[in-house]
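# Topology and contacts: notes
The residues making up each chain are set out below.
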Amino acid sequence: MVDIRTVAVVGAGQMGGGIAHVSAMAGYDVILQDVSLERAQQGVERIAANMARQVASGKLSEADKAASIARISAADGVKALAKADLVIEAATEEEAVKRRIFQQICPELKPEAILATNTSSISITRLASSTDRPEQFVGIHFMNPVPVMKLVELVRGIATSDETFQAARGFSSNLDKVTTISEDFPGFIVNRILMPMINEAIYTLYEGVGSVESIDNSLRLGANHPMGPLQLADFIGLDTCLSIMQVLHDGLADSKYRPCPLLVKYVEAGWLGRKTKRGFYDYRGETPVPTR
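Residues numbered from 1 in each chain as written. Predicted model: local features only at pLDDT ≥ 70, side-chain atom pairs only at ≥ 80, totals over all residues. Heavy atoms only, no water.

The protein goes by 3-hydroxybutyryl-CoA dehydrogenase in an unreviewed UniProt entry, where it is assigned to Aureimonas fodinaquatilis.

Have a look at this one:
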């Protein structure tokens, strides 16, 4: 089995930063890479700030924080990935973007390195076919926020070797995550169930059945969900929600997965949720205010 000591994460955003965070805390050396050194450095700074909050809440010691941050390095270009044993792509949920990344990084990886994707819905088999190592390619889907959420979905493509799959399983276990194994179908398990629920909540708003507040309160208080579906959509990112619904609709050819036109409209407006300060709620003030 591949001995994973150094983990590279491609994409220093919310998901990539979270994966780097938990990997460093588990004792792995971590390389964080993005489109520029500056973006990667900003990712490391956000991880340090998140760890500082863990220290303040008593979940992490100052010494462990310092040791974990010392294990993370910001990469200046893709050549820095050459020493990685496991490379995890955590870019935006667009297949064309992911394919371009694999074309750029594969020539720099050592032959035995495992390549993984954090995709939440796209075919692992199809992504693997765009690389030079389909047998060493696997889906490792973390939940957001990564340092908090316990679950990891493991998804093998048609060519994924047993050795690669077991190495990915061992890595996830070392992060103190609980793994669930999904077959390689659109949306896997979590998003196959979660996203249609969010999409239906948006239809409920679109058709005037209830307001933003009524819909979210109904699911929080009536179904004991920690977040309402529209609040959760804003947290995930409405562009990501739309991308996943499109993958489900295209991949399963069933009208029940048709993205709600209101979701499309919000994304076209650039109202993507928390990250743009507006979505189903407006986050520009002290308290979020519904936008409909």
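### Comments concerning the packing of helix 7 (residues 190-206) against helix 10 (residues 238-252)
In plain terms, the rule: Fitted lines through C-alpha atoms give the axes, limited to the stretch in contact for helices. The angle between two N-to-C directions lies from 0 to 180 degrees. Secondary structure elements are taken from DSSP: a helix is a run of H or I of four residues or more, a strand is a run of E of two residues or more, and numbering for both begins at the N terminus. For this classification, under 35 degrees means roughly parallel, over 145 means roughly antiparallel, 65 to 115 means roughly perpendicular, and everything else is oblique. Put simply, a crossing is left-handed when the front helix is turned counterclockwise from the back one by less than a right angle, and right-handed when it is turned clockwise. Whether two residues are in contact is decided by their heavy atoms, any of which lying within 4.5 Å being enough. Charged residues are taken to be Asp, Glu, Lys and Arg, nonpolar residues to be Ala, Val, Leu, Ile, Met, Phe, Trp, Tyr, Cys and Pro, and polar residues to be all remaining types, Gly included.
Close contact between helix 7 and helix 10 brings their axes to 10 Å; oriented N to C, the two are set at 110 degrees. Taken together, the axis directions place helix 7 and helix 10 in an arrangement best described as roughly perpendicular. In the crossing of helix 7 with helix 10, the sense of the turn from one axis to the other is left-handed. Listed contacts from helix 10 to Asn191, Arg192, Met195, Pro196 and Asn199 of helix 7 are Cys241, Ile244, Met245, Leu248 and Leu252. Class assignment of the residues belonging to the contact of helix 7 with helix 10 gives a composition of seven nonpolar, two polar and one charged.

### Some words on the pattern of salt bridges
Inclusion rule: Any carboxyl oxygen of Asp or Glu that lies within 4 Å of a side-chain nitrogen of Lys or Arg is treated as forming a salt bridge with it. We call a residue buried when its accessible area falls under 20% of the maximum for its residue type, exposed when it is over 50%, and partly exposed in between, using a 1.4 Å probe and counting protein chains only.
One pass over the full model with this rule turns up 14 salt bridges. For the salt bridge of Glu62 with Lys65, the shortest nitrogen-to-oxygen distance reads 3.8 Å. Placement of the pair is Glu62 and Lys65 together in helix 3 (residues 62-70), with a separation of three residues, close to one helical turn. In this structure, Glu108 engages Lys79 in a salt bridge whose closest nitrogen and oxygen atoms are separated by 3.5 Å. A residue pair is termed long-range when its members are at least 10 positions apart, and Glu108 in the loop between helix 4 (95-105) and strand 5 (114-117) and Lys79 in the loop between strand 3 (72-74) and strand 4 (86-89) qualify at 29 residues. The partly exposed category is assigned to Glu108, whose relative accessible area is 22%. The network of salt bridges with common partners includes Glu89, Glu93 and Lys98.

### Some words on the environment of Gly139
Checked against the element boundaries, Gly139 lands in strand 6 (residues 137-142). For Gly139, a relative accessible area of 3% puts it in the buried group. Once the C-alpha coordinates of Gly139 and Ile124 are considered, the two residues, 15 residues apart in sequence, prove to be 6.2 Å apart. In contact with Gly139, not counting residues within four places along its chain, are Thr117, Ile124, Glu153, Leu154 and Val155.

### Re the UniProt feature "binding site: NAD(+)" (unreviewed entry) in the protein
Note the following rule: UniProt positions are given in the numbering used here, feature names are shortened, and annotations may be inferred rather than shown by experiment. Throughout this description, a polar contact denotes any pair of N or O atoms lying within 3.5 Å of each other; where both atoms belong to protein, one of them has to be capable of donating a hydrogen while the other can accept it, and for residues adjacent in sequence the pair is counted only when both atoms sit in side chains.
Mapped onto this numbering, the UniProt entry annotates "binding site: NAD(+)" (unreviewed entry) at Gly11, Ala12, Gly13, Gln14, Met15, Gly16, Asp34, Glu93, Lys98, Ser120, Asn144 and Lys275. Along the chain, Gly16 turns up in helix 1 (residues 14-25). Residue contacts for Gly16: discarding those within four places in its chain leaves Val9, Gly11, Leu32 and Ala90. Relative to the helices and strands, Lys98 resides in helix 4. Residue contacts for Lys98: discarding those within four places in its chain leaves Glu89, Ala91, Thr92, Glu93, Thr117, Thr119, Ile122 and Leu127. One polar contact links the side chain of Lys98 to the main-chain carbonyl oxygen of Thr92, over a distance of 3.4 Å.

### As for unusual backbone geometry
With omega at 0 degrees, the peptide bond leading from Asn144 into Pro145 counts as cis. You can see Pro145 is positioned in the loop between strand 6 and strand 7 (151-156). Although it is not a glycine, Lys277 sits at a positive phi angle of roughly 70 degrees. Considering the arrangement of structural elements, one finds Lys277 in the loop between helix 11 (261-269) and strand 9 (281-282). A residue is classified by how much of its surface remains accessible, and Lys277, at 47% relative accessible area, is partly exposed.

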